[in-house]
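Residue strings, one per chain:
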Amino acid sequence: MKSIKSHFSLIAALFTILFTVQVYQILDRSISSYEESLRANYSMVVISTSALDEGPIKSKFPLIRSLVEISPEKVIKRLEKDMDKTSLGLLRASLPKFYKLSLEHYPQPEEVDMLSSKLTNLKSIKQVESFSQTHDQIYKLLLLYKGVTQIFAFAIFVVTMLLIAKEMRIWQFQHQDRMNIMALFGAPMMLRSAVLFRLAIMDALIAASLVLAAFGIISANGWAEPYFADINIHVTIFNYATDSFIHFGIALGLSTILASMLILTHKEEV
Amino acid sequence: MDKVIFAKDLTLSYNNNETIINQSTFDISSGDFVFITGASGSGKSTLLKSLYGALPPKKGELSVGGVTLNNISSKKLNFLRRHVGIVFQDYKLIKEWTIEKNVMLPLIISGYAKDISEVQVQKLLTHVKLNHQLGKYPLELSGGEQQRVAMARALAHNPIIILADEPTGNLDDYSSQVIWNLLEGACTQLKTTVVVVTHHIPETMKVDYKHFHIEYGSIYEVN
């Protein structure tokens, strides 16, 4: 019973850490997804007196993903009824060039300001329209959640690590006799501590499996996706390949590091 | 005969710097049966601890089985302990393991094959008359039986030395005699060096033995 209790404590602590990691991942993915949709819809307009070449502009400004010329023909066509051909030709020749700029990511206001001022410094560019005021409330709210989650995740990590360390200290007392007896007969450190490692690894695998099962069920039943879809976010709640790898990695890493620390701090009875 | 234990000007003390054994010189030859006696707190168990490397010499020299114990590395210490059998007053059996696995411990550590180990364990448990108990756990046995298991474990890997710390301290007369017989058998039949720390030397001893006595931190041989 005692043994089951001590196993449960470590599994519960590891489960909490992994659960928090997954929640953080979902939030991070939802923000990335939302940023991507904002980025796709975000553009800047550049007005230039001469034609701009996309290659040199992109190499000079890494934030710029593409530079596409906006044709003025649509506007000119509207004037065909009221103006003669000569006047339209003169108008066409005197019009500046309009370009639509797409960006690599959804920019922060400072990035927009910096890019605008650098572009305006170019000789041919007369004006840059930025629309930096379109940062919306949902995005800011998501960023706020992310920050709060980071703080909570850190606090949970610290507290659960302390709990795990305490739990392992109890294990050490439980296994101390056996480790001392084995040492008396010349067992090397690895053989003496094999049981501790076996238990730590077993508990790590159980905790990771429970978290994967929990999020696998949530993902398979589509319980969370509609809430995100309501705010136009399409997020992967659970990615079987990468998330499994991350969770098993974290659980095994933490438990083996803690078991190693216990073993290294173990002192032989004199 | 070869000196299997050699101490020169040996001084032993714990962390509090109180000297337990003070500049003592002695040696024990291969195949000897040795009793170490002395009053409670005289340093008998401390001396035994130093012989299996749990307490390094503070000053002087100490070698066991040709291995010098001054500043010994953990690798060398493990090597030495794989050639020493130890018996304690409180048996020091692993209570979560069966009797069979407890006796097998030194063989597991020394890397013996499982089938060879099983044969050896069966032989030893038959020798100590516990072959019918091999699936039991230590706490299911009496004190005398547990000490016989500890004896079988100490003999399992054919050690060059057996160190016994008050091996009959917790036992009744009958069980004590069984243990003395086993220790004598190890010395006479297997030619193993046996060093026993005890308060009383049994009157029934049949082997010739050496007797060291510890008093006021000094070790001297009693003729």
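Going along each chain's sequence as written, the residues are numbered from 1 onward. Whichever chain is written first is A, and whichever ligand is written first is 1; the rest continue in order. In keeping with the model being predicted, local features are shown solely for residues with a pLDDT of at least 70 and side-chain atom pairs are shown and tallied solely at 80 or more, while totals for entire chains, interfaces and linings include all residues.

## A few points about the overall build of chain A
- Helices and strands together make up the secondary structure of chain A, namely 10 helices and four strands.
- For chain A, the sequential pattern of α-helices and β-strands runs α-β-α-β-α-α-β-α-β-α-α-α-α-α.
- Classification of the 270 residues of chain A by burial places 22% in the buried group.
- By sequence separation, contacts in chain A at least 24 residues apart represent 82% of the contacts at least 6 residues apart. Helical segments are the DSSP runs of H or I of at least four residues, strand segments are the runs of E of at least two, and each set is numbered from the N terminus. With C-beta atoms placed from the backbone, a residue is labelled by how many other C-beta atoms lie within 10 Å of its own: buried for 20 or more, exposed for 12 or fewer, partly exposed between the two. The contact rule is simple: place each C-beta atom from the backbone, and if two of them lie within 7 Å, those residues are in contact.

## Quick word on the sheet that holds strand β2 (residues 64-70) of chain A
Residue and element names in this part refer to chain A.
- Taken in spatial order, the four strands of this open sheet run β2-β3-β1-β4, and their pairing is antiparallel. This sheet does not close on itself; its edge strands, each paired only once, are β2 and β4 (125-129). For this sheet the average axis-to-axis angle between neighbouring strands, irrespective of direction, equals 25 degrees.
- Two strands make a pair as long as DSSP finds a minimum of two bridges between them. Where strand β1 (residues 43-48) meets strand β3 (residues 97-103), six bridges bridge the pair, whose relative direction is antiparallel. Lines fitted to C-alpha atoms define the axes, with helix axes restricted to the stretch in contact, and inter-axis angles between N-to-C directions lie between 0 and 180 degrees.

## Focus: the domain arrangement of chain A
- Note that the domain bounds were set by an automatic or database domain assignment. Here chain A is described as being made up of domain 1 (2-36 + 137-265) and domain 2 (43-130).
- For domain 1 of chain A and domain 2 of chain A, the distance between their C-alpha centroids amounts to 51 Å.

## Let's talk about unusual backbone geometry
Residues and elements named next belong to chain B.
- We note that lysine 92 has phi near 50 degrees; this positive angle belongs to a residue other than glycine.
- Secondary-structure assignment places lysine 92 in the loop between β6 (84-88) and α3 (99-109).
- Residue class for lysine 92 comes out buried when judged on the 20 C-beta atoms lying within 10 Å of it.
- Although it is not a glycine, tyrosine 216 adopts a positive phi angle of roughly 50 degrees.
- Positionally, tyrosine 216 belongs in the loop between β9 (210-215) and β10 (218-222).
- The class of tyrosine 216 is exposed, set by 9 C-beta atoms lying within 10 Å.

## Here we look at the packing of helix α6 (residues 137-184) of chain A against helix α10 (residues 240-265) of chain A
Residues and elements named next belong to chain A.
- At their nearest, the axes of α6 and α10 sit 10 Å apart, and the two run at 50 degrees to each other. Relative to α10, the element α6 is oriented oblique. Of the two possible hands of crossing, α6 and α10 adopt the one that is right-handed. Taken together, the residues of α10 that come into contact with α6 (itself represented by Ile164, Ala165, Met168 and Gln172) are Leu258, Ala259 and Leu262.
- Side-chain classes follow a simple rule in which Ala, Val, Leu, Ile, Met, Phe, Trp, Tyr, Cys and Pro form the nonpolar group, Asp, Glu, Lys and Arg form the charged group, and the remainder, Gly included, forms the polar group. Looking at side-chain class alone, the contact of α6 with α10 contains six nonpolar, one polar and no charged residues. Oblique is the label for any angle not under 35 degrees, not over 145, and not in the 65 to 115 range, which are roughly parallel, roughly antiparallel and roughly perpendicular in turn. Left-handed describes a crossing whose near helix is turned anticlockwise from the far helix by less than a right angle; the clockwise case is right-handed.

## Here's the deal with α10 of chain A
- In this analysis, the expected span of each helix is defined as 1.5 Å times one less than the number of residues it contains. Between the first and last C-alpha of α10 of chain A there are 37 Å, a value that for 26 residues agrees with the 38 Å anticipated at 1.5 Å per step.
- Among the residues of α10 of chain A, those classed as buried are Asp243, His247, Ala251, Leu254, Ser255, Leu258 and Ala259 of chain A.

## Quick word on the interface of chain B and chain A
- Between chain B and chain A, the contact holds 14 residues from the first and 11 residues from the second.
- Elements with a contribution of two residues or more to the side of chain B that touches chain A: α2 (74-81) and α3 of chain B.
- Per-class residue counts for the side of chain B that touches chain A are nine nonpolar, one polar and four charged.

## Some words on the nonpolar core
- Membership of the largest hydrophobic core comes to 71 residues, with the highest contact counts inside it found for Leu163 and Leu183 of chain B.
- In this structure leucine 163 of chain B touches Leu48, Leu51, Tyr52, Val84, Ile86 and Val195 of chain B, once residues within four positions along its chain are discounted.
- What we call a nonpolar core is a set of buried Ala, Val, Leu, Ile, Met, Phe, Trp, Tyr and Cys residues whose membership is set by joining through C-beta atoms within 7 Å. With 25 residues, the next largest nonpolar core counts Ile11, Ala13, Trp171 and Ile237 of chain A among its residues.

## Quick notes on the confidence of the model for chain B
- Per-residue confidence from the predictor is reported as pLDDT, a score between 0 and 100. A residue-level look at chain B finds 99% of positions with pLDDT of 70 or above and a mean pLDDT of 92.
- Across the whole predicted complex the pTM is 0.71, and at the interface the ipTM reaches 0.90.

## Overview of the environment of leucine 79 of chain A
Residues and elements named next belong to chain A.
- Within the secondary structure, leucine 79 is located in the loop between α3 (73-78) and α4 (85-94).
- Leucine 79 sits in the exposed class, given 11 other C-beta atoms within 10 Å.
- Leucine 79 sits 25 residues away from glutamate 54 along the chain, and the two C-alpha atoms are 30 Å apart.

## As for the packing of helix α8 (residues 194-220) of chain A against α10 of chain A
Residue and element names in this part refer to chain A.
- Between α8 and α10, the least distance of the axes is 9 Å, while the angle of their chain directions is 155 degrees. The angle between α8 and α10 places the two elements in the roughly antiparallel class. Note on packing geometry: the crossing formed by α8 with α10 is right-handed. Residue-level contacts link Leu196, Phe197, Ala200, Ile201, Asp203, Ala204, Ala207, Ala208, Val211 and Leu212 of α8 to Ser244, His247, Phe248, Ala251, Leu252, Ser255, Thr256, Leu258, Ala259, Leu262 and Ile263 of α10.
- Among the residues forming the contact of α8 with α10, the class breakdown is 16 nonpolar, four polar and one charged.

## Considering the confidence of the model for chain A
- With 95% of its residues at a pLDDT of 70 or more, chain A shows a mean pLDDT of 86.
- Looking over chain A, one finds the lowest element-wise mean pLDDT in α3 of chain A, namely 82, and the highest in α8 of chain A, namely 92.

## Topic: the sheet that holds strand β4 (residues 59-64) of chain B
Residues and elements named next belong to chain B.
- Strand order across the open sheet formed by four strands is β2-β1-β4-β5, with antiparallel pairing between neighbours. The open sheet has two edge strands, β2 (19-29) and β5 (67-68), and neither has a second partner.
- With two bridges joining them, β4 and β5 adopt antiparallel strand pairing. Each residue of the ladder has a partner; that of valine 64, found in β5, is valine 67.
- In the packing of helix α1 (residues 44-51) onto the sheet, the strands contacted are β1 (3-13), β2 and β4, and the crossing angle to β1 comes to about 120 degrees.

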